[in-house]
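Here is how the chains run, residue by residue.
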Amino acid sequence: MDFDDFWCKDNNYIFIYLRKRRISINKKNESINFQVALTGGIASGKSKVSEIFKNLGVDIIDTDDIAHYLVKPGTETLEMIIKKFSKSILTDSGELDRQYMRKLIFNDSIKRQCLESIMHPQIHKEVKLKLSKSLGPYQIIVVPLLTISPLKHQANKILVIDCDEQTQIKRLMIRDSVSLAMAEKIIASQATRADRLSIADDIIENNNDFMKLVPTIKKIHKKYLEYALIYQEER
C-alpha cells in the first residue's frame, strides 16, 4: 500500500496516512482554508519562525500585532480599557502605557482577566476578518496564549515553538531589559511548557542557532501545503 497517497475521512476529521502514521486534520471550523495556530512561550522565537513562513508565501495573522493595533489612541478598544482602568494607564501622549499595564495585570489576576475580557473578543473579530480576506492555501495564526484561547479549537493544526525555560529567561532579560525576578514572573504567568506541548501537532525546538531551523520550517511548510490541498478538496 502507498501510505503517502492513502487517506480517509469522517464527519470531523480527515485521516491521512503519511510514512505509515495516521495524521488527522481537524475539520470542525467553517473556513474554506486550512488554518495553523502557532504558539510558544514568550521569547521562544515565534516571530522569527513566522517570518520564515511569511517569506515562503504564507499569510501570517499575528494576534500580538492585532492587539497593538486595537489599542491605538482613539480606538474603541482603548476607550473600553480606559473606562475600566482609568486614564492612569495612558502615557502623556495619550498612548497605552504598556509597561505600567504589564505590571498592573501581573500583580492582579482579576485585573488581568478584566483586560482579557475586553481584548479577546476584539482580537477574535479581527482574526476572523483577516482570515476572510486571505487568499493563500493556508494561513498561520500566531497566538501566544493559545492554550486558553478558543482559537485552539478552530485551527486544523497546532504548531508549538519550544525552548527550555532557562533559554526563555535569558532571551527575555536581554530583549525586554527586565530583571531575573521579573522574567521569571512573566514566564510563570503563562501556560506551562507541558501545557503547550500537550496541544501540539507539530513542534519546532528553538534552543540554539535559529538558522539551523530553516530546513525544518521548509519541511513543515511543504507538509501543510499537502494537507491544505486535501482539506480544500474535501470542503
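Everything here concerns the structure above.
One structure accompanies this document, and this report is about it. (Residues numbered from 1 in each chain as written. Predicted model: local features only at pLDDT ≥ 70, side-chain atom pairs only at ≥ 80, totals over all residues. Heavy atoms only, no water.)

**A word on the pairing of strand β7 (residues 157–162)**
Among the 6 residues in β7, 6 count as buried, and that is most of the element. Here β7 shows two buried faces, one formed by Lys157, Leu159 and Ile161 and the other by Ile158, Val160 and Asp162. As paired strands, strand β4 (residues 34–40) and β7 are joined by 5 bridges and run parallel to one another. Residue pairing in the sheet places Leu38 in a bridge with Leu159 of β7. Two strands pair when backbone bridges link them, and β7 and strand β8 (residues 202–205) are joined in this way by 4 bridges, in the parallel orientation. (Buried < 20%, exposed > 50% of the residue type's maximum accessible area, 1.4 Å probe, protein only. Helix = DSSP H or I, 4+ residues; strand = E, 2+ residues; numbered from the N terminus. Pairing = 2+ DSSP bridges.)

**Quick word on the pairing of β4**
Along β4, 7 of the 7 residues are buried, which leaves the element largely enclosed by surrounding structure. Alternating positions in β4 separate into two faces, Phe34, Val36, Leu38 and Gly40 on one and Gln35, Ala37 and Thr39 on the other, with burial throughout. Bridging between β4 and strand β6 (residues 138–142) involves 5 bridges; their strand directions are parallel. Residue pairing across strands places Gln35 opposite Gln139, the latter belonging to β6.

**Focus: the packing of aromatic side chains**
Evaluation of the coordinates by the stated rule reveals 5 aromatic pairs. Ring centres of Phe34 and Tyr224 lie 6.3 Å apart, and the angle between their planes is 45 degrees; this geometry places the pair in the tilted category. Of this pair, Phe34 sits in strand β4 while Tyr224 is found in helix α10 (residues 214–233), placing the two residues 190 residues apart along the sequence. Taking relative accessible area as the criterion, Phe34 reaches 0% and is therefore assigned buried. A relative accessible area of 0% means that Tyr224 is categorised as buried. Note on Tyr138 and Tyr224: the rings are 5.7 Å apart at their centroids and 75 degrees apart in plane angle, and the pair reads as edge-to-face. (Phe/Tyr/Trp six-rings, centres within 6.5 Å; stacked < 30°, edge-to-face > 60°.)

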